[in-house]
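A structural walkthrough
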Amino acid sequence: MKVVIAGGGFAGMKLARSLNNKPGFEVMLLDRFNYHQFQPLFYQVATSGLDASNISFPLRKAFHKSKNVRIRVSKIEEILHDQNKIITDQGEIDYDILVLATGADTNFFGNKQIMENAFPMKSTVEALQLRHRMLLNFEDVVVSKDQAYIDRLLTIAIVGGGPTGVELSGAIAEMKIYVLPYDYPEIDFRRMKIYLIEAGDKTLGTMSEKSSEQSLKYLQDLGVTVILKTQLTEYDGQTARLSNGESLQTATVIWAAGIKGNIPQGVDASLIARGNRIKVDRFNKVNGIENIYALGDVAYMETPLYPHGHPQVANVAINQAKNLANNLRWMEMKSNSRQLEEFEYHDKGSLATVGRNLAVADIPKPKMHFGGFTAWLIWMLLHLVLILGVKNRLQVFINWIYNYITYDQSLRLIFTEFYKPRSVDHLGEKKPELVAENTPA
Ligand SMILES: Cc1cc2nc3c(=O)[nH]c(=O)nc-3n(C[C@H](O)[C@H](O)[C@H](O)COP(=O)(O)OP(=O)(O)OC[C@H]3O[C@@H](n4cnc5c(N)ncnc54)[C@H](O)[C@@H]3O)c2cc1C
């Protein structure tokens with residue numbers, strides 16, 4: 001059985017590993033990157049807490065000893081399902097079974113202006129771009145005399161009060177307290193403002209009331225201004241206009257307010273559900289197509305426990321992949337001795353961290369809630385378990401311990417060929433007057 005898996009994220013990797021060296025399977029795993037990305041820690045890469053390599057794992061290394069899994073670094077562009085073929089940017093590939101595990105990308109809900117000017121954080125590369133931009137802004141502040149321009153550079157707005165927005169706001173607020181004043185003694189960080197803008201009436205809206213309340217309090221204690229029941233409506237790179245009539249002057253807007261499934265061409269519109277996800281049955285088989293499956297963030301499955309689809313989280317992706325691997329093995333053996341397993345998700349709990357010693361955790365059975373240090377410890381342990389590769393796990397652990405003791409990391413590196421103040425090329429802004437030496441604030 002030739003199984004082609006498109007996407008080496010949580011679902012694709014789990015499926016490929018479950019079919020690794022299993023007789024009867026020839027597996028091809030393809031991804032647009034040559035590494036697996038551990039998305040839950042992107043925010044730590046963006047805020048210089050972890051190196052990008054700590055949360056990235058080369059796909060080829062994972063299958064060094066494999067007899068049947070082969071890797072292709074290429075992008076799936078189209079499915080020709082009547083010919084059992086996919087078209088990629090590197091040519092055509094045949095399959096017996098195609099598994100779409102292409103995950104999701106940032107959803108700007110059609111707002112082109114925000115898409116062009118705000119920063120998304122849906123890949124390691126985007127997390128690094130964000131890190132570079134934030135650091136370059138501080139470099140610009142140091143050499144600028146124009147106070148309005150400085151204030152704009154020192155204002156960061158994060159849109160979306162879900163786990164990503166909350167974790168990122170908390171991490172930036174901690175940088176402001178513990179790191180930045182020592183890196184940039186010339187800058188008056190009392191002028192630095194961090195806003196978290198959320199359309200709903202609470203942060204962490206999908207978690208318990210307690211978690212929402214606690215996360216809001218933690219953020220406010222760290223100095224983040226949380227604006228609820230408000231949407232970002234326009235952003236031109238300088239002015240962020242909000243639905244409550246207010247506006248913010250900011251050089252950095254980070255968009256963490258929505259995702260949409262990555263679907264290649266060739267999937268009929270009738271098979272696409274809300275959030276650009278592909279409708280699948282309880283076996284993750286795309287509705288009405290015999291040999292195409294979809295897993296994880298890109299799949300939309302209705303079940304008795306989740307009549308409106310599963311949450312787009314790593315555990316759903318991993319468990320769907322496990323279930324599909326078992327089913328494919330039964331199908332390959334052409335065994336009638338067992339029925340194929342339907343998928344259902346049993347939520348073990350949700351977690352989010354806001355900062356040092358600050359996290360929230362909800363456990364559904366038995367119903368429990370943790371906050372503060374205990375939740376933070378659970379959060380760290382779980383993330384360590386989920387990260388791929390012993391070396392990565394160790395590096396992240398050592399980094400966290402080092403950070404906990406010293407309050408600092410030495411990862412604030414800007415990898416650009418030469419540095420020129422952003423004002424020179426950004427949106428035709430007037431170039432601020434440069435000063436030869438560092439000027440005390
Ligand atoms: C910032 C952030 C924080 C998160 N935090 C958490 C958390 O704390 N806990 C949690 O459970 N979940 C979290 N998530 C969600 C979690 O990461 C996803 O639910 C999970 O990654 C979904 O797994 P997947 O395999 O479906 O897709 P992904 O892991 O996204 O993998 C998809 C893969 O497909 C590849 N791909 C995409 N398009 C193509 C194409 N056309 N051709 C080839 N390859 C392609 C991508 O490069 C990627 O490697 C977070 C997500 C983000 C962005």
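Being a predicted model, the structure only gives us computed values, none of them experimental.

Digging into the sheet that holds strand β5 (residues 69-73)
Spatially, β5-β2-β1-β9-β21 is the arrangement adopted by the five strands of the open sheet, whose pairing is parallel. Looking along the sheet, the strands with just one partner apiece sit at the ends: β5 and β21 (292-294). The sheet shows a mean angle of 20 degrees between the axes of neighbouring strands, direction not considered. When strand β9 (residues 97-100) meets β21, the two strands line up parallel, connected through three bridges. If you follow Leu-100 over to β21, its bridge partner there is Ala-294.

Observations concerning the domain arrangement of the chain
For interface size, the figure often reported is the accessible area lost on association. Along its sequence, the chain is organised into domain 1 (2-106 + 259-332) and domain 2 (112-257 + 349-424). Between the C-alpha centres of domain 1 and domain 2 the distance comes to 29 Å. Between domain 1 and domain 2, the residue contacts involve 24 residues of the former and 30 residues of the latter. Looking at the side of domain 1 that touches domain 2, the elements with two or more residues in it are β3 (35-37), α2 (42-46), β4 (56-58) and β10 (104-106). Top contributing element to the side of domain 1 that touches domain 2 by residue count: α2, with five residues.

Considerations on the packing of helix α7 (residues 163-178) against helix α9 (residues 209-221)
Two elements in contact, α7 and α9, have axes whose closest approach is 9 Å; the angle formed by their N-to-C orientations is 25 degrees. When the axes of α7 and α9 are compared, the pair comes out roughly parallel. Once α7 is placed against α9, the crossing between them reads as left-handed. When α7 is examined against α9, the residues Val-166, Ser-169 and Gly-170 are found in contact with a partner set consisting of Ser-215, Tyr-218 and Leu-219. Classifying every residue of the contact of α7 with α9 gives three nonpolar, three polar and no charged.

Topic: the nonpolar core
Within the largest apolar cluster, 70 residues are counted, with the highest numbers of intra-cluster contacts made by Ala-157, Ile-158, Val-159, Leu-219, Val-253, Ile-254 and Ala-359. Those residues within four positions of Ala-157 in sequence are excluded, and the remaining contacts are Tyr-195, Ile-197, Ala-240, Leu-248, Thr-250 and Val-253. Ranked by size, the runner-up nonpolar core spans 50 residues in total, among them Leu-19, Val-69, Val-280 and Ala-321.

Cut-offs applied
Residues numbered from 1 in each chain as written. Predicted model: local features only at pLDDT ≥ 70, side-chain atom pairs only at ≥ 80, totals over all residues. Pairing = 2+ DSSP bridges. Helix = DSSP H or I, 4+ residues; strand = E, 2+ residues; numbered from the N terminus. Axes fitted to C-alpha atoms, helices over the stretch in contact; angles between N-to-C directions. Domains from an automatic or database assignment. Contact = placed C-beta atoms within 7 Å. Parallel < 35°, antiparallel > 145°, perpendicular 65-115°, else oblique. Left-handed = near helix turned anticlockwise from the far one by under 90°. Nonpolar A, V, L, I, M, F, W, Y, C, P; charged D, E, K, R; others polar. Core = buried A, V, L, I, M, F, W, Y, C linked by C-beta atoms within 7 Å. Buried ≥ 20, exposed ≤ 12 C-beta atoms within 10 Å, placed from the backbone.

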